[in-house]
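Chain residues, written in single-letter form:
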Amino acid sequence: MTMCFRIRPNTTLSLPFSASKHLLKLNPKPSLSFTPHSHSSTSYYSSKITMSSSPTQTIEHIVLFKVKDDTDPSKVNAMVNGLSSLKSLDQVLHITAGPLLRNRSSTLNFTHMLHSRYSSKDDLNAYSQHPNHMSVVKESVLPICEDIMAVDWVAEDLQGPASLSPGSALRVTFLKLKENLEEEKKSEILGVIKGIKNSFGQISQLTCGENFSPGRAKGYSIASIAVFPGQSELETLDSDEELVKLQKEKVKEHLESVVVVDYLVSLPQSASL
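Just so it is clear, the structure is predicted and the values come from calculations on it, not from any experiment.

Observations regarding the overall build of the protein chain
The helix and strand tally for the protein chain stands at 7 helices and 10 strands. Considering only intrachain contacts with a sequence separation of at least 6, the fraction spanning at least 24 residues in the protein chain is 82%. Roughly 11500 Å² of accessible area belongs to the protein chain as shown, and the carbon and sulfur atoms make up 50% of that amount.

Encoded structure:
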């Protein structure tokens, strides 16, 4: 096994982002091709993520869940604990699952989130198709969720540990761009996001990138995670209204819609509706 470190500065909007530096294992495998999925919960989990491996980069995987109203809290905890238990799989560098701290989006009412990291797209595919993962999805996720969306991207700029400590606060942002936006403009948007970390000292890690699983993302094509040491640092960022507004102004003319959620990394036992 060869380990390499990849470091690159990042940024964030008044939207969510995260980053981290971590050890990446070389895991060369044959190239595969991606099969898009529909937006339904069942199709998301029954289809494969198949694409070429990228052994020198880290993969970010975010899944948002909308748990059905009036679901028994014990079933919600079973889902969260089942997803969290998948950290035992060899392919998983980091995984956390639990209730959202805040959903800042008015149109998509998600209640829970999963965040995990992998050394390659092949590892993400192996995790997705692992019998343990499929069992948790079939027995604990699909019966209680009415909506699911997922976004995956390549993080080339991780700084810090791959595994995030309990108490860390995440701001996750998904951007849906206006139709027919030039590639140059997409690059500009990514550049603005990557530069945000320099403006907000509270951010300890930040990654962003273009989604490579379009069939599962409801049209959102750019994603970011900003990681903060804790909830107080996240709230400090929000208090700097002028700087936040300035960052938003740089990209808003190119956006159709935005999903922003906040999440606290916690132990599985603390998760409930």
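Some words on helix 4 (residues 131-141)
Among all positions in helix 4, only His133, Val136, Val137, Ser140 and Val141 are buried. The arc enclosing the buried residues of helix 4, seen along the axis, measures out at 110°, which places them on a common side. In helix 4, the exposed positions angled more than 90 degrees off the buried face are occupied by Pro131, Lys138 and Glu139.

Describing the sheet that holds strand 6 (residues 145-155)
Strand order in this open sheet of 8 strands is 6-3-5-4-10-7-9-8, and the pairing throughout is antiparallel. Both outer strands of the open sheet, strand 6 and strand 8 (205-210), are each paired with one neighbouring strand and no more. The sheet shows a mean angle of 25° between the axes of neighbouring strands, taken without regard to direction. Two strands pair when backbone bridges link them, and strand 3 (residues 58-67) and strand 6 are joined in this way by 10 bridges, in the antiparallel orientation. When the sheet's bridge partners are listed, Val63 is paired in strand 6 with Ala150.

Points about the nonpolar core
Membership of the largest hydrophobic core comes to 25 residues, with the highest contact counts inside it found for Phe65, Met79, Leu83, Leu114, Tyr127, Val141 and Cys145. Taken together, the elements giving at least two residues each to this core come down to strand 3, helix 2 (73-84), strand 4 (94-103), strand 5 (112-118), helix 3 (121-129), helix 4 and strand 6.

Comments concerning the environment of Gln231
The residue Gln231 is located in helix 6 (residues 231-239) in this model. Owing to a relative accessible area of 29%, Gln231 belongs among the partly exposed residues under this scheme. Between the alpha carbons of Gln231 and Leu264 there is a distance of 7.4 Å; along the sequence they are 33 residues apart.

Points about the packing of helix 3 against helix 4
The angle between the axes and the distance between the axes are what describe a pair of packed helices. Where helix 3 meets helix 4, the axes come as close as 5 Å, and the angle between the chain directions of the two elements is 55°. Taken together, the axes of helix 3 and helix 4 are oblique relative to one another. For the pair helix 3 and helix 4, the contacting residues are Tyr127, Ser128 and Gln129 in the first and Pro131, His133 and Met134 in the second.

A word on the pattern of salt bridges
Using the criterion set out here, one finds 13 salt bridges in the structure. Ionic pairing is found between Arg104 and Asp262, a salt bridge with its closest N-O pair at 2.9 Å. In this pair, Arg104 is assigned in the loop between strand 4 and strand 5 and Asp262 in strand 10 (residues 255-264), connecting sequence segments 158 residues apart. Since its relative accessible area comes to 38%, Arg104 is described here as partly exposed.

Concerning the packing of aromatic side chains
Enumeration over the complete set of coordinates arrives at 1 aromatic pair. Here the aromatic rings of Tyr118 and Tyr127 are separated by 5.2 Å at their centres, their planes lie at 45°, and the arrangement is tilted. Each member of the pair, Tyr118 as well as Tyr127, is classed as buried. In this structure, Lys121 packs its charged tip against the face of Phe212, placed 4.5 Å from the ring centre.

Description of the confidence of the model for the protein chain
Counting all residues, the mean pLDDT for the protein chain is 80, and 77% of those residues have values of 70 or more. Taken element by element, the predicted model of the protein chain shows its lowest mean pLDDT in strand 2 (residues 24-25) (37) and its highest in strand 5 (98). Below a pLDDT of 50 lies the segment residues 1-43, which in the model reaches 194 contacts outside its immediate sequence neighbourhood of four places, other chains included. Low pLDDT (under 50) marks residues 46-55, which in the prediction has 45 contacts with non-local residues, meaning those over four places away or in another chain.

Quick look at unusual backbone geometry
In the Ramachandran plot, Asn180 falls in the positive-phi region, its phi being about 60° despite a non-glycine side chain. Here Asn180 is to be found in the loop between strand 7 (169-177) and helix 5 (183-199). Classification of Asn180 as exposed rests on a relative accessible area of 77%. Its identity as a non-glycine residue notwithstanding, Lys218 has a phi of 55°, on the positive side. Positionally, Lys218 belongs in the loop between strand 8 and strand 9 (222-228).

Cut-offs applied
Residues numbered from 1 in each chain as written. Predicted model: local features only at pLDDT ≥ 70, side-chain atom pairs only at ≥ 80, totals over all residues. Heavy atoms only, no water. Helix = DSSP H or I, 4+ residues; strand = E, 2+ residues; numbered from the N terminus. Contact = heavy atoms within 4.5 Å. Areas by Shrake-Rupley, 256 points an atom, 1.4 Å probe, with all protein chains shown as cover. Buried < 20%, exposed > 50% of the residue type's maximum accessible area, 1.4 Å probe, protein only. Arc of directions from axis to C-beta. Pairing = 2+ DSSP bridges. Axes fitted to C-alpha atoms, helices over the stretch in contact; angles between N-to-C directions. Core = buried A, V, L, I, M, F, W, Y, C linked by side-chain atoms within 4.5 Å. Parallel < 35°, antiparallel > 145°, perpendicular 65-115°, else oblique. Salt bridge = Lys/Arg side-chain N within 4 Å of Asp/Glu carboxyl O. Phe/Tyr/Trp six-rings, centres within 6.5 Å; stacked < 30°, edge-to-face > 60°. Lys NZ or Arg CZ within 6 Å of the ring centre and 35° of its normal. pLDDT = per-residue confidence, 0-100.

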